Amino acid sequence: MLTIIQLVRRKQLDEKYAFLWVAAGIVMLFAPLATRTIDAMSTALGFHYPPALILLLGFFALCLINLQFSVTISRLNKHNKQLAQRFAILENRLKEFERSEG
Amino acid sequence: MPHRSPAHKLALSYCSFLYMKRLLIIPAYNEAQNIASVIDEIRSMQPSVDLIVVDDGSSDATFELAERAGAKVLRLPFNLGYGAAVQSGLLYGVEAGYDLCVLIDGDGQHDPRFIADLMAPVEEGTADLALGSRFLGKADYSIPFARKVGIMLFRKLASIITRQQITDPTSGYQAINRRLMRFFVNDNYPYDFPDADTLIRLYFAGFKILEVPVTIRPRLRGESMHSAGKTLYYVYKMLFSIFIALTQRRVLMKGDSHAFRDETVDGYRQPAGDADDHSASPAKTAR
């Protein structure tokens, strides 16, 4: 949790992408306070070992965070491509312009 | 002769007296050894057609040599992949008001003798895409076995889905009309290699494909970009993107190809906003 706060403070991590990490962190921090509820839920769901529920939820959370990353990477990749294409075209036009100006 | 709608006939007669602006797009990645001779050869056969080389972030002297050979060059700041390089050329073509583009690889494998054959059906309006097929022409090249199996599989698939014989869906030797150029610029072109999936997408969007026999020569010098190790990824990518295309069938049909025809045929950057907004889906662009 402290690492995340520090990263955001140093602007190395954007608040937007810190969201899922912060949410996961808060859940982890406060989970010990609700051991009884967790135990009750686990037994209700049929887990023989209550902490397994936490592990499972943690696993889902990580999957979600990863998926968000993949979506973000795809979008950035597309923007990157569009920028590069536009850059190449503009550079070419600038060159043509300079040539025509002499 | 295929059935022609009145609008199509009108377009035909329109095109016959209108001078079509034609552009040759030559994607090149690390082709310093070949690019100059490729440009010279194309020039000697098609002296009246404009030509643009797209240097896909080459680490060698491709850019300098292409410029020295007198070609206009679009230089991508880093390597984007074959499809994205071609798309850059198409974007340039759309913005500069070209009516027809021919894609021809910068490695010398595509014999420029066939440029005219490819342009003819697109100029006449019988096809939106003329696809140069090596399997309709005289064969004088060898293809690795794994690749051959892949080609066989996907040409079968493409032929079934598009209800016409497609013999060479991997071919990068093509002529494209303006309508299809605009479709490709609008996010309908893959980063890596356009293939059967691209053909299926454009078929659903209502474009007409015609195969033209060509011969593909062995590379002049150097290594080809297709390596056998990538076959597994290729099969996955192809199957998955064909599946995606099938799920988007309705959207593609709705955003029909007529949406990609401009109001003004000539004029530099006239269709304001359309080309710049290449993140918009075809359905959104449709009116």
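Engineer: Sorry if this is basic, but what is going on with the sheet that holds strand 2 (residues 50-55) of chain B here?
Structural biologist: Strands belonging to one sheet form pairs held by backbone hydrogen bonds; the direction of such a pair is parallel or antiparallel. Residues and elements named next belong to chain B. In spatial order, the strands read 3-2-1-4-6-5-7; together these seven strands make up an open sheet with mixed pairing. If you trace the sheet from one side to the other, it starts and ends with strand 3 (72-75) and strand 7 (209-213), each paired once. Strand-to-strand twist across the sheet, computed as the mean angle between neighbouring axes with direction ignored, equals 20°. Two strands pair when backbone bridges link them, and strand 2 and strand 3 are joined in this way by four bridges, in the parallel orientation. Looking at the pairing, Val-53 lines up with Val-73 of strand 3.

Engineer: Looking at this structure, how should I read helix 3 (residues 35-45) of chain A?
Structural biologist: The periodicity of an α-helix, 3.6 residues per turn, causes residues three or four positions apart to be oriented the same way. For helix 3 of chain A, the tally of buried residues reaches only zero of eleven residues, placing the bulk of the element at the surface. Positive phi shows up at Gly-46 of chain A, right after helix 3 of chain A, with a value of about 90°.

Engineer: Would you explain the pairing of strand 1 (residues 22-28) of chain B in this entry?
Structural biologist: All names here are of chain B. The element strand 1 is extensively covered by neighbouring structure, given that seven of its seven residues are classed as buried. The two faces of strand 1 match: Arg-22, Leu-24, Ile-26 and Ala-28 on one face and Leu-23, Ile-25 and Pro-27 on the other face are all buried. Two elements, strand 1 and strand 2, share six bridges in a ladder whose sense is parallel. Each bridged residue has a counterpart across the sheet, and for Leu-24 the counterpart in strand 2 is Leu-51.

Engineer: I'm lost on the nonpolar core in this one. Help?
Structural biologist: Within soluble globular proteins, side chains that are nonpolar tend to cluster in buried spots. Residue and element names in this part refer to chain B. Residues Ile-25, Cys-101 and Val-102 are the most contacted members of the largest nonpolar core, which totals 74 residues. If one sorts the elements of this core by residue count, helix 4 (residues 82-95) sits on top with eight residues. Setting aside its immediate chain neighbours within four residues, Ile-25 contacts Ile-52, Val-54, Val-86, Gly-89, Leu-90, Gly-93, Cys-101, Val-102 and Leu-103.

Engineer: What is the right way to read unusual backbone geometry from this model?
Structural biologist: Residues apart from glycine generally show negative phi values, whereas peptide bonds are mostly found in trans. Residue and element names in this part refer to chain B. Positive phi, normally seen in glycine, also occurs at Arg-163, with a value near 55°. Take Arg-163: there are 8 C-beta atoms within 10 Å of it, and that puts it in the exposed class. With a phi close to 65°, Asp-187 is a non-glycine residue in the positive phi region. Counting through the fold element by element, Asp-187 comes out in the loop between helix 7 (178-185) and helix 8 (196-204).

About the thresholds
- Position labels on residues start from 1 in each chain and follow its written sequence.
- The naming scheme follows written order: chains are lettered A onward, ligands numbered 1 onward.
- For this predicted model, a pLDDT threshold of at least 70 governs which residues receive local features, and a threshold of 80 or more governs which side-chain atom pairs are given and counted, while totals over whole chains, interfaces and linings are taken from all residues.
- Only when DSSP finds a minimum of two bridges between them are two strands counted as paired.
- Numbering of helices and strands runs from the N terminus, with a helix taken as a DSSP run of H or I at least four residues long and a strand as a DSSP run of E at least two residues long.
- Here, axes are lines fitted to C-alpha atoms. For helices the fit covers the stretch in contact, and angles between N-to-C directions go from 0 to 180 degrees.
- Note on burial: count the other C-beta atoms lying within 10 Å of the residue's C-beta; 20 or more is buried, 12 or fewer is exposed, in between is partly exposed, and C-beta positions come from the backbone.
- Here, a nonpolar core means buried Ala, Val, Leu, Ile, Met, Phe, Trp, Tyr and Cys residues linked by C-beta atoms lying within 7 Å of one another.
- Throughout, a residue-residue contact means that the two C-beta atoms, derived from backbone geometry, are no farther apart than 7 Å.

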